[in-house]
Amino acid sequence: MKRLKPKFYIGIILILITSFLAVFAPQIAQHDPTAMDLSKRHESPTSENWMGRDQNGADVFAQVAYGARVSLRVAFTVVLLSAAIGLIIGSLAGYVGGWADNLIMRFLDMFYAFPGFLLALSLVAVLGPSIGNLIFAMCITGWTGFARLVRGEVLHLKNREYVTGATAAGAGPMRILTRHIWPNLFGILVVQMTFGMSGTIITESGLSFLGLGAPPTVPTWGQLLNSGRRILVEAPHVSLFPGLAILILVLGFNLVGDGLRDWLNPRSAN
Amino acid sequence: MFTYTLRRLLSALPVLLGVSALSFSLLAFVPGDPVDIMLGDQAATADKDALRRELGLDRPFGERLAGFYSGLSRLDLGRSLQSRRPVSEEILERVPATIELTLGAMFLALSIGIPFGVLAAVRRHSWVEKAALAYGLVGMSTPGFWLGPMLILGFAIQLDWLPVSERGGLEHLVLPSLTLALGLSAILTQVTRASMIEVVREDYVNVARAKGLRPFKIWFKHALANAMMPIITIIGLQFGALLTGTVIVETIFDWPGVGTLLFQAIQQRNYPLVQGCVLLIATTYVVVNLITDLAYAAANPKVRLG
């Protein structure tokens, strides 16, 4: 078996660092992310406040750590739900074929013609800012990619000899899908989910940056960047650190996705 | 080519209908009464009724959709809530700024991504290829809403080389289009490199070499022409990201385009204007993809005859 490349492990380390920060946020961050101290607003990083303080004098490091929780939780939920919906609908289209396939594909075309970020943006805009609405809007845009991928693979696999054999042996459609087709989709689904994580984290932060994601009471990276860009001169650290956090986590998922893809399909590595 | 064009045009029609229906249906997602949200709870009942009639909310959905399409055929998208001006007029005056920004970003993305990808492919395992691979990954992972403020901080505030924001001469265009271009330039670097690696192995490259053509000419003229297919495809697909990226980039740089208009409309709960902007962006994306497909078919007989 081919070995995984170093970039995969670098990615894993970047994800682990951020996850550690998210899980142990209350223990690592010595400050309450919402505690304000206006006398110390815009303060630069010190040994006390590692990433400085924001326009309210709140600790930036604590907000970055708690923001990692929101980003990771939202992204996991969105990617798992989108993959599950995509797996079911994509299998239906690919396996049943005929009118069901046609109907689903035309429906997918409509969603595909809509740039993902625009659809999520307009849905959140009309639904109002809340974590639930954010997840809903990103699932609506996220599942189509999975459905397309799964449909293609199912179409390709269902005519393989071993599937014909299983059918001849009397296996029903559910058994063929769950026992003979889905296990073969595992690899590409994991790759797609890894890239889905990075895309979702950027979309979520972007929406929060515009004030359309999580409600203002929840500390997110996007929101921190939004307040940071108004005080670029006084307190550049408020913009610098949350952005670095996004870059590290997204780069981590992209490296892992790339590494896994090369591993599963050595030809793509060229 | 003619039949292919016709077929492709016809297949774009239902997609356009779907896209417009989707942007129109947005209002249905508003929790509660959209009129209450737009005007506020304290508004007079007469005002609310008037707006409800104007938006057709007193009529069934099907009738409203039909009204929307008949309005659309006359480019009538209703009136903007705050200014009371036609939505189409408000959007149209913002279009040039967004076109300027998008073209600027496309120019930068192509002039960074393609040469970088080509050089990485012809100098395998060199530092150029390593740099291109790193650029592809980091560029794809950098959010524009962070890069933008960082560029402002570095080039506008610290160095004072370029203006902080707003539209103006060419120097105003540099930072916003660079912010918008980074993601696409990273993807283009990756795709160009991968595509060129396949192409430079071909025999005609060796023949051209043997004939004594200069390597530079072989790479950028002969090989690149044959490596263009995946590059065209990815430009079409990524154009949607570029268009929607304008919402964030225009907001950061106070750029008076459709993106900031959409953002303001969302903040003011000006739903007719939101629908208009969403419709314009989505339609542009469909049309650009149509053009990409046609360009692709024109260059490749396998596609149009297959």
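Residues numbered from 1 in each chain as written. Chains lettered and ligands numbered in written order. Predicted model: local features only at pLDDT ≥ 70, side-chain atom pairs only at ≥ 80, totals over all residues.

Observations regarding the overall build of chain A
Link 1 in the chain: Of regular secondary structure, chain A possesses 10 helices and 0 strands.
Link 2 in the chain: Written out in order from the N terminus, the α and β elements of chain A read α-α-α-α-α-α-α-α-α-α.
Link 3 in the chain: With the C-alpha coordinates of chain A rotated into their principal frame, the extents come out at 75 × 45 × 30 Å.
Link 4 in the chain: Out of the 270 residues belonging to chain A, those deemed buried represent 49%.
Link 5 in the chain: At a minimum sequence separation of 6, the contacts of chain A that also span at least 24 residues come to 69%. (Helix = DSSP H or I, 4+ residues; strand = E, 2+ residues; numbered from the N terminus. Buried ≥ 20, exposed ≤ 12 C-beta atoms within 10 Å, placed from the backbone. Contact = placed C-beta atoms within 7 Å.)

Observations regarding the packing of helix H8 (residues 173-209) of chain A against helix H9 (residues 221-228) of chain A
Residues and elements named next belong to chain A.
Link 1 in the chain: It is at 7 Å that the axes of H8 and H9 come closest, and there the two elements cross at 40 degrees. On the basis of the axis angle, H8 is oblique to H9. For H8 against H9, the interelement crossing comes out right-handed. Contacts between H8 and H9 pair Glu-204, Ser-205, Gly-206, Leu-207, Ser-208 and Phe-209 from the former with Trp-221, Gly-222, Gln-223, Leu-225 and Asn-226 from the latter.
Link 2 in the chain: Looking at the contact of H8 with H9 residue by residue, the classes come out as 4 nonpolar, 6 polar and 1 charged. (Axes fitted to C-alpha atoms, helices over the stretch in contact; angles between N-to-C directions. Parallel < 35°, antiparallel > 145°, perpendicular 65-115°, else oblique. Left-handed = near helix turned anticlockwise from the far one by under 90°. Nonpolar A, V, L, I, M, F, W, Y, C, P; charged D, E, K, R; others polar.)

Quick notes on the nonpolar core
Link 1 in the chain: If you look at the biggest cluster of nonpolar residues, it comprises 151 residues, and the most contacted ones within it are A:Ala65, B:Val274, B:Cys277 and B:Ala282.
Link 2 in the chain: Two domains share this core, each providing at least three of its residues, namely domain 1 (2-73) and domain 2 (97-267) of chain B.
Link 3 in the chain: Setting aside chain neighbours within four positions, we find B:Val274 in contact with A:Ser122, A:Ala125, B:Leu26, B:Leu262, B:Ala265 and B:Ile266. (Core = buried A, V, L, I, M, F, W, Y, C linked by C-beta atoms within 7 Å. Domains from an automatic or database assignment.)

Regarding the domain arrangement of chain B
Link 1 in the chain: For chain B, the assigned domains read domain 1 (2-73) and domain 2 (97-267).
Link 2 in the chain: Using C-alpha coordinates to define each centre, domain 1 of chain B is positioned 36 Å away from domain 2 of chain B.

Examining unusual backbone geometry
All names here are of chain B.
Link 1 in the chain: Although it is not a glycine, Asp-254 adopts a positive phi angle of roughly 50 degrees.
Link 2 in the chain: When the 12 C-beta atoms within 10 Å are taken as the criterion, Asp-254 is described as exposed.
Link 3 in the chain: Even without glycine at this site, Arg-269 takes up a positive phi of about 55 degrees.
Link 4 in the chain: Inspection of the secondary structure puts Arg-269 in the loop between helix H12 (258-267) and helix H13 (271-299).

Things to note about helix H4 (residues 61-73) of chain B
Link 1 in the chain: With 13 residues, H4(B) should cover 18 Å at 1.5 Å per step; its first-to-last C-alpha distance of 18 Å lies within 8% of that length.
Link 2 in the chain: Just downstream of H4(B), B:Leu75 is the residue with a positive phi angle, here 60 degrees. (Expected span 1.5 Å × (residues − 1).)

As for helix H1 (residues 6-23) of chain A
Residue and element names in this part refer to chain A.
Link 1 in the chain: An ideal rise of 1.5 Å per residue puts 26 Å on 18 residues; H1 measures up with 26 Å between its terminal C-alpha atoms.
Link 2 in the chain: For H1, the set of buried residues is Gly-11, Leu-14, Ile-15, Thr-18, Leu-21 and Ala-22. Down the axis of H1, the buried side of the element spans an arc of 120 degrees, and every buried residue falls inside it. Of the exposed residues in H1, those oriented more than 90 degrees away from the buried face are Pro-6 and Leu-16.
Link 3 in the chain: Buried residues in H1 make contact with helix H2 (25-28), helix H3 (60-96) and helix H10 (237-264). (Arc of directions from axis to C-beta.)

A short note on the interface of chain B and chain A
Link 1 in the chain: Each partner contributes to the interface: chain B provides 40 residues, whereas chain A provides 37 residues.
Link 2 in the chain: In terms of residue count, helix H11 (residues 215-252) of chain B provides more of the side of chain B that touches chain A than any other element does, 8 residues in total.

What about the packing of H1(A) against H3(A)?
Relative orientation and spacing of two packed helices are given, respectively, by the angle between their axes and the distance between those axes.
Residue and element names in this part refer to chain A.
Link 1 in the chain: Close contact between H1 and H3 brings their axes to 7 Å; oriented N to C, the two are set at 110 degrees. Considered as vectors, H1 and H3 are oriented roughly perpendicular to each other. Residues Thr-18, Ser-19, Leu-21 and Ala-22 of H1 form the contact with H3, whose own contacting residues are Ala-65, Ala-68, Arg-69 and Leu-72.
Link 2 in the chain: Split by residue class, the contact of H1 with H3 holds 5 nonpolar, 2 polar and 1 charged.

Details of the environment of B:Leu75
Link 1 in the chain: Note on placement: B:Leu75 falls in the loop between H4 and helix H5 (87-92).
Link 2 in the chain: Classification of B:Leu75 by C-beta neighbours within 10 Å gives exposed; the count is 11.

Here we look at the environment of A:Thr164
Link 1 in the chain: Within the secondary structure layout, A:Thr164 lies in helix H7 (residues 161-168).
Link 2 in the chain: For the pair formed by A:Thr164 and A:Ile176, sequence separation is 12 residues and the distance between their alpha carbons is 9.6 Å.

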